[in-house]
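Breakdown of the fold
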Amino acid sequence: MKIVDARVVLTSPGRNFVTLKVETDEGVTGLGDATLNGRELAVVGYLRDHVVPLLLGTDPYRIEDTWQALYRGAYWRRGPVTMAAIAAVDVALWDIKAKVAGLPLYQLLGGASRERVRTYGHASGRDIPELFDSIRARLAEGYPAIRVQTGVPGLERVYGVHHGATPDGARPVVEDWDTGAYLRSLPGVFDAVRQEFGPELTLLHDAHHRLTPIQAARLGKDLEPYDLFWLEDCTPAENQDGLRLVRRHTTTPLAIGEVFNTVFDYQTLVGEQLIDYVRSAVTHFGGVSPLRKLFDFAAQHQIKSAIHGPEDISPVGMAAAIHLDLAIHNFGIQEYAGHTPLTHEVFPHAYTFTDGYLHPGEAPGLGIELDEELASAHPYEPAYLPINRLQDGTIHDW
Ligand SMILES: [Mg+2]
């Protein structure tokens, strides 16, 4: 079998998605997700101009060899653009191999280790009553675990609390931030949530890289009475050594890694068991092949998976994640923000979301298709993630 064509499809059924479609001389096709929110066109160019020409004529069964050739052959290793592009190829080739085998991908990854995949959803509100409404809505949808984000007194916009974008999407929305106000208010929010919803509801929180290690240590300690499932991205973990300080001070479990793209970003964090969950997505970590290796590394240190699953992971990337979730032993939880009805139409899929749990379905391959005609009716729209400024105007981590 040979690869005879590979196309990049950029579509925006509500938000932008970059999809690679690989075609073989035997008519079997594979899909991969290369969506990089806010920098989509860079990945499109990387794939079209530098990856697709290298794929033509090659054997789609040689997944590992192709991965290594793209990673090592570029000379310029790592980085989100490169790794999203390689991920799309890796996932498309797994899709092809599993389709030819006539098996859902999870069977090629070792078969099911569980019956279904536990998820968590997002609840947010500008104040406590709005937050409670949002939590009730997620509970009504069946979510067994809920990430809680809330407004901070004195701030207009806070991460995880929905607001409008700029009218044309051409420039990022500016949000504001005050670490002191956040650290003072958040324990009270969790106290109120526990009083309203009881001790058993599984709760998570995302600090979105906004704290220094000593601030993160304080927050983890202050949140201990509220029994969080995890505190996510408490500090930018590019400084992996900083997690030693956080860990020394708190027993609140820690989750990190959604912006990481290779195992090298995790060497200290996993090797010294400084975190409890690894957050990388199939889409941004170079595909199923390297993410499986990361999970095996993490398993040696009793660390579990928690694949990043916001709306900007396309259904193709989500499908790949769900197959991995079902197959690996050290599965922790899957983030699932869902997609718009139109997005589900553009990407018809076999995976299901029922009572807060996902299942990849039994269709051969990833179990996902791309309606190219519908996709082309919804062309790319410029859009950026927000930026974040302190009250004196200084740029802060978003
Ligand atoms: Mg996050």
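Being a predicted model, the structure only gives us computed values, none of them experimental. (Residues numbered from 1 in each chain as written. Predicted model: local features only at pLDDT ≥ 70, side-chain atom pairs only at ≥ 80, totals over all residues. Heavy atoms only, no water.)

1. Some words on unusual backbone geometry
Applied cut-off: Elements are defined by DSSP. Helices are runs of H or I of four residues or more, strands are runs of E of two residues or more, and each kind is numbered from the N terminus. Only protein chains enter the calculation, and the probe is 1.4 Å; a residue is then buried if its accessible area is under 20% of its type maximum, exposed if over 50%, and partly exposed in between.
We note that Tyr75 has phi near 70°; this positive angle belongs to a residue other than glycine. Mapped onto the elements, Tyr75 comes out in the loop between helix 2 (63-73) and helix 3 (80-101). Positive phi values are uncommon outside glycine, yet Asp227 reaches one of about 55°. Here Asp227 shows up in the loop between helix 7 (213-223) and strand 8 (230-232). The exposure class of Asp227 is exposed, given its relative accessible area of 53%.

2. Some thoughts on the coordination of the magnesium ion
As a reminder of what qualifies: Think of the donor list as every N, O and S atom within 2.8 Å of the metal, or within 3.2 Å for Na, K and Ca; water never makes the list, so a site can look incomplete.
At 2.0 to 2.3 Å from the magnesium ion lie its protein donor atoms, namely Asp206 (OD), Glu232 (OE) and Glu258 (OE). Taken in sequence order, the residues that donate to the magnesium ion follow the motif D-x25-E-x25-E. Of this pair, Glu232 sits in strand 8 while Glu258 is found in the loop between strand 9 (254-256) and helix 9 (267-271), placing the two residues 26 residues apart along the sequence. Glu258 carries the same exposure label as Glu232, and that label is buried.

3. Re the pattern of salt bridges
A side chain with one charge may pair with a side chain of the opposite charge, provided their charged atoms come close. Here is the rule we go by: Salt-bridge detection follows one rule: a side-chain nitrogen of Lys or Arg within 4 Å of a carboxyl oxygen of Asp or Glu.
What the rule picks out here adds up to 23 salt bridges. Two residues, Asp265 and Arg78, come together in a salt bridge whose shortest N-O distance is 2.7 Å. On the criterion of sequence distance, the pair formed by Asp265 in the loop between strand 9 and helix 9 and Arg78 in the loop between helix 2 and helix 3 is long-range, its members being 187 residues apart. A relative accessible area of 15% means that Asp265 is categorised as buried. As a salt-bridge pair, Arg218 and Asp222 come within 3.5 Å of each other at their nearest N and O atoms. Here Arg218 and its partner Asp222 are both found in helix 7, 4 residues apart, which amounts to about one turn of the helix. Among the charged side chains, a network of salt bridges with common partners joins Asp5, Arg7, Lys21, Glu23 and Glu372.

4. Observations concerning the domain arrangement of the protein
Which entries qualify depends on this criterion: These domain boundaries are the output of an automatic or database domain assignment. Throughout, a residue-residue contact means that at least one pair of heavy atoms, one from each residue, lies within 4.5 Å. Note on terms: buried area is the combined drop in 1.4 Å-probe accessible area of two parts once they are placed together, counting the loss on both.
Taken as a whole, the protein is organised into domain 1 (3-104) and domain 2 (108-361). Counting residues at the interface gives 32 residues for domain 1 and 31 residues for domain 2. Each partner contributes to the roughly 2,300 Å² buried at the junction of domain 1 and domain 2, and carbon and sulfur atoms together form 63% of this total. Here Arg15 makes a salt bridge to Asp312, at a shortest N to O gap of 3.8 Å.

5. Section: the pairing of strand 5 (residues 145-150)
Applicable threshold: A pair of strands is labelled paired if DSSP reports no fewer than 2 bridges between them. The crossover handedness rule: strands pointing away from the viewer, path from first strand over the helix to second strand clockwise, crossover right-handed.
Taken across its 6 residues, strand 5 has 6 buried, putting it largely inside the fold. Alternating residues of strand 5 divide into Ala145, Arg147 and Gln149 and Ile146, Val148 and Thr150, and every residue in both groups is buried. Pairing of strand 4 (residues 117-125) with strand 5, which is carried by 5 bridges, proceeds in the parallel orientation. Opposite Gly125, over in strand 5, you have Thr150 as the bridge partner. Remark: the strand 4/helix 5 (residues 128-141)/strand 5 crossover connection has right-handed handedness.

6. What to know about the environment of Arg147
Our working rule: A 3.5 Å cut-off defines polar contacts: any pair of N or O atoms within that distance qualifies, except that in protein one atom must be a possible hydrogen donor and the other a possible acceptor, and neighbouring residues in sequence count only when both atoms are side-chain atoms.
As for its placement among the helices and strands, Arg147 is situated in strand 5. Placed 134 residues apart in sequence, Arg147 and Ala281 show a C-alpha to C-alpha distance of 18 Å. Sequence-distant contacts of Arg147, that is, excluding residues within four places in its chain, are made with Tyr120, Gly121, His122, Ala123, Tyr159, Gly160, Leu204, His205, Asp206, Glu232 and Glu335. At a separation of 3.5 Å, a polar atom in the side chain of Arg147 contacts the side chain of Asp206.

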